[in-house]
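The lines below spell out each chain.
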Amino acid sequence: MENISILPIFISTLFKKVPVIFRNNHKTTFMWLTFLIALGVGNHKLKSMGQYGSHYVAEYRFRRILTAGYWSLHFILIWLANEVIHKLPKPENHTIYLVADGSKKEKRGKKNIFNQKGKIRSNHGWFFGVKFVVLMIQWGNFRIPVDFEVLYKKGHEKYLNENQAF
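Calculation rules
- Residues numbered from 1 in each chain as written.
- Predicted model: local features only at pLDDT ≥ 70, side-chain atom pairs only at ≥ 80, totals over all residues.
- Heavy atoms only, no water.
- Helix = DSSP H or I, 4+ residues; strand = E, 2+ residues; numbered from the N terminus.
- Buried < 20%, exposed > 50% of the residue type's maximum accessible area, 1.4 Å probe, protein only.
- Contact = heavy atoms within 4.5 Å.
- Salt bridge = Lys/Arg side-chain N within 4 Å of Asp/Glu carboxyl O.
- pLDDT = per-residue confidence, 0-100.
- Expected span 1.5 Å × (residues − 1).
- Axes fitted to C-alpha atoms, helices over the stretch in contact; angles between N-to-C directions.
- Parallel < 35°, antiparallel > 145°, perpendicular 65-115°, else oblique.
- Left-handed = near helix turned anticlockwise from the far one by under 90°.

## Some remarks on the overall build of the chain
Inference 1: For the chain, the count of helices and strands is six helices and four strands.
Inference 2: When the helices and strands of the chain are placed in sequence order, the string is α-α-α-α-α-β-β-β-β-α.
Inference 3: The buried share of the chain, reckoned over its 166 residues, is 33%.
Inference 4: Taking as baseline every contact in the chain between residues at least 6 positions apart, the subset at least 24 positions apart corresponds to 56%.

The following block contains the structure:
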């Protein structure tokens, strides 16, 4: 795949409406990151994604925005879901379903504070990783995530099970 030197107009137009929450050039970096993730270049790894964008895009810029503590991913997700929902056709039967999907991401480093070790059910095998829950709205062929929660370990003061999280 060739390098991409400029952002497409539809990406710039969509993100012009984003609320003012980013500082400095983080908005441009976030637009590049979103675009490169959507294209699926570089196997979704920050180091290789930075090689396909313009000279402005680099791995360290992606890491800086992802670790910046002043902006909220929940806020961006809700805003983006709201924009997408308004553009999609309305359901034919006027019914929208709310779906919660619990999942896990296995094989993370042992020092991650969200790591859990255990069984999901008594007849399943053991896992070691991060458990999370995604809340989606669904109609027809559309499934749009509107919220998510990373679940803490049992025994942690902030522990909630999947049902209590939403």
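Once the structure has been displayed, the description carries forward.
## Regarding the pattern of salt bridges
Side chains carrying opposite charge are able to pair once their charged atoms draw close together.
Inference 1: Considering all chains together, one arrives at one salt bridge under this definition.
Inference 2: Between E59 and R63 there is a salt bridge; the shortest N-O distance is 2.8 Å. In this pair, E59 and R63 are both assigned in helix α4 (residues 59–67), four residues apart and thus about one turn of the helix distant.
Inference 3: We classify E59 as partly exposed; its relative accessible area is 24%.
Inference 4: For R63, a relative accessible area of 43% corresponds to the partly exposed category.

## So, the confidence of the model for the chain
In low-pLDDT segments, the atomic positions of the prediction should not be examined closely.
Inference 1: Mean pLDDT over the chain works out to 79, with 83% of the residues at or above the 70 mark.
Inference 2: Mean pLDDT values for the elements of the chain range from 63 in strand β2 (residues 115–119) up to 86 in α4.

## As for helix α2 (residues 26–39)
Inference 1: Compared with the 20 Å implied by 1.5 Å per residue over 14 residues, the 20 Å span of α2 between its first and last C-alpha is a close match.
Inference 2: Where α2 is concerned, the buried positions are H26, T29, F30, M31, W32, L33, F35 and L36.
Inference 3: Turning to α2, the residues buried within the fold contact α1 (9–16), α3 (46–49), α4 and α5 (73–87).
Inference 4: Following α2 by one or two positions, G40 adopts a phi angle in the positive range, close to 75°.

## As for the packing of α1 against α2
Inference 1: Where α1 contacts α2, the axes come no closer than 11 Å and their chain directions differ by 130°. Considering their axes alone, α1 and α2 lie oblique with respect to each other. You can see that α1 and α2 cross each other, and the crossing is right-handed. Side by side, α1 and α2 meet where I11, S12, F15 and K16 of the first sit next to K27, F30, M31, T34 and F35 of the second.

## Some remarks on the environment of L80
Inference 1: Within the element layout of this structure, L80 appears in helix α5.
Inference 2: Sequence separation between L80 and V146 is 66 residues, and the spatial gap between their C-alpha atoms is 8.8 Å.

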